[in-house]
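Architecture at a glance
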Amino acid sequence: MSKELKGPGLVGFQLFGEPLITEHMAKGGMSAVVVDMQHGISSERTAFDCVQRLEKFPHCFPIIRVSDNNPGLIQRALDAGALGIIAPMINTPEQAQALVKSCRYPPLGERSWGPSRALAVSDPKEANKAVKVIAMIETRQAIDNLDAIMDVE
């Protein structure tokens, strides 16, 4: 796996489900593109097409903001080629732990192995190191639990 999320840099936030926009963001110098499946206008298939377009841009890190902390959706997004997941409404350390487990292969997590696109470019150990997991802190409850959420590995 050759892509790394490095900073500082520019990050494009894509609300429209059009892979050509994703390519133009990468060509324009974005360090990462976040394809928004929470509030964006994009089907699952189109969002996955968008992150796959970034494969030809080694400098641009593909991230998907999922609609919720759903292990199936998170794992499909990673299988499609996303190297980062942003999950909304993470309010407790238990929710943060569930998010991390969905993004990591055993023994570090519960991500299911399958003959997917993700394994064509990496192995499970590399993926566990490379995939970035980002919890959105959006409520008073999350702020009250922030230290415990931040302690989740």
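Below you will find a few notes about this structure. Source: prediction; values computed, not measured. (Residues numbered from 1 in each chain as written. Predicted model: local features only at pLDDT ≥ 70, side-chain atom pairs only at ≥ 80, totals over all residues. Heavy atoms only, no water.)

Considerations on the overall build of the protein chain
For the protein chain, the helix and strand inventory stands at eight helices and five strands. Counting from the amino terminus, the protein chain carries its helices and strands in the arrangement β-α-β-α-β-α-β-α-α-α-β-α-α. Compactness check: the protein chain gives a C-alpha radius of gyration of 15 Å against a globular reference of 15 Å for 153 residues, within 12% of the reference. Taking all 153 residues of the protein chain together, the buried fraction comes to 46%. For the protein chain, long-range pairs separated by at least 24 residues make up 61% of all intrachain contacts whose partners lie at least 6 apart in sequence. Surface accessibility of the protein chain: about 8000 Å² in total, with carbon and sulfur atoms responsible for 56%. (Helix = DSSP H or I, 4+ residues; strand = E, 2+ residues; numbered from the N terminus. Rg over C-alpha atoms; globule rule 2.2 N^0.38 Å. Buried < 20%, exposed > 50% of the residue type's maximum accessible area, 1.4 Å probe, protein only. Contact = heavy atoms within 4.5 Å. Areas by Shrake-Rupley, 256 points an atom, 1.4 Å probe, with all protein chains shown as cover.)

Considering the pattern of salt bridges
Taken as a whole and assessed by the stated rule, the structure comprises eight salt bridges. A salt bridge links Glu23 to Arg53, with the shortest nitrogen-to-oxygen separation between them at 3.1 Å. Of this pair, Glu23 sits in helix H1 (residues 19–27) while Arg53 sits in helix H2 (residues 44–53), and the two are 30 residues apart along the sequence. According to the relative accessible area criterion, Arg53 is partly exposed, its value standing at 34%. In this structure, the salt-bridge partner of Glu110 is Lys101, at a minimum N-O distance of 3.9 Å. The class of Lys101 is partly exposed, set by a relative accessible area of 30%. Residues participating in the shared-partner salt-bridge network are Glu23, Arg53 and Lys56. (Salt bridge = Lys/Arg side-chain N within 4 Å of Asp/Glu carboxyl O.)

Here we look at the state of the cysteines
Overall, the coordinates contain zero disulfides when judged by the stated rule. Note on Cys103: no disulfide assigned, nearest cysteine sulfur contributed by Cys60 at a separation of 19 Å. (Disulfide = S-S within 2.5 Å.)

A closer look at helix H3 (residues 71–80)
Three or four residues apart is the spacing at which side chains of an α-helix point the same way, because the helix has 3.6 residues per turn. Burial runs high along H3: seven of the ten residues are buried. Residues of H3 that are buried: Leu73, Ile74, Gln75, Ala77, Leu78, Asp79 and Ala80. Of the residues flanking the start of H3, the one acting as N-cap is Asn70, its side-chain oxygen 2.8 Å from the backbone nitrogen of Gly72. Following H3 by one or two positions, Gly81 adopts a phi angle in the positive range, close to 125°. (Polar contact = N/O pair within 3.5 Å; in protein donor to acceptor, adjacent residues only side chain to side chain.)

Considering the sheet that holds strand S1 (residues 11–14)
Here we have five strands laid out as an open sheet, ordered S1-S2-S3-S4-S5, and parallel in their pairing. Both edges of this open sheet fall to S1 and strand S5 (132–135), since each of them pairs with a single strand only. Neighbour-to-neighbour, the strand axes of this sheet turn through a mean angle of 20°, independent of strand direction. By the bridge criterion, four bridges tie S1 to strand S2 (residues 32–36) in an arrangement that is parallel. Within S2, the position partnered with Phe13 by the bridge is Val34. Sheet strands touched by H1: S1 and S2. Its angle to S1, the strand with the most contacts, is close to 170°. Where helix H4 (residues 93–103) meets the sheet, its contacts fall on strand S4 (84–87) and S5, and the angle it forms with S5 comes to roughly 155°. (Pairing = 2+ DSSP bridges. Axes fitted to C-alpha atoms, helices over the stretch in contact; angles between N-to-C directions.)

Shape descriptors only; they carry no functional weight alone.
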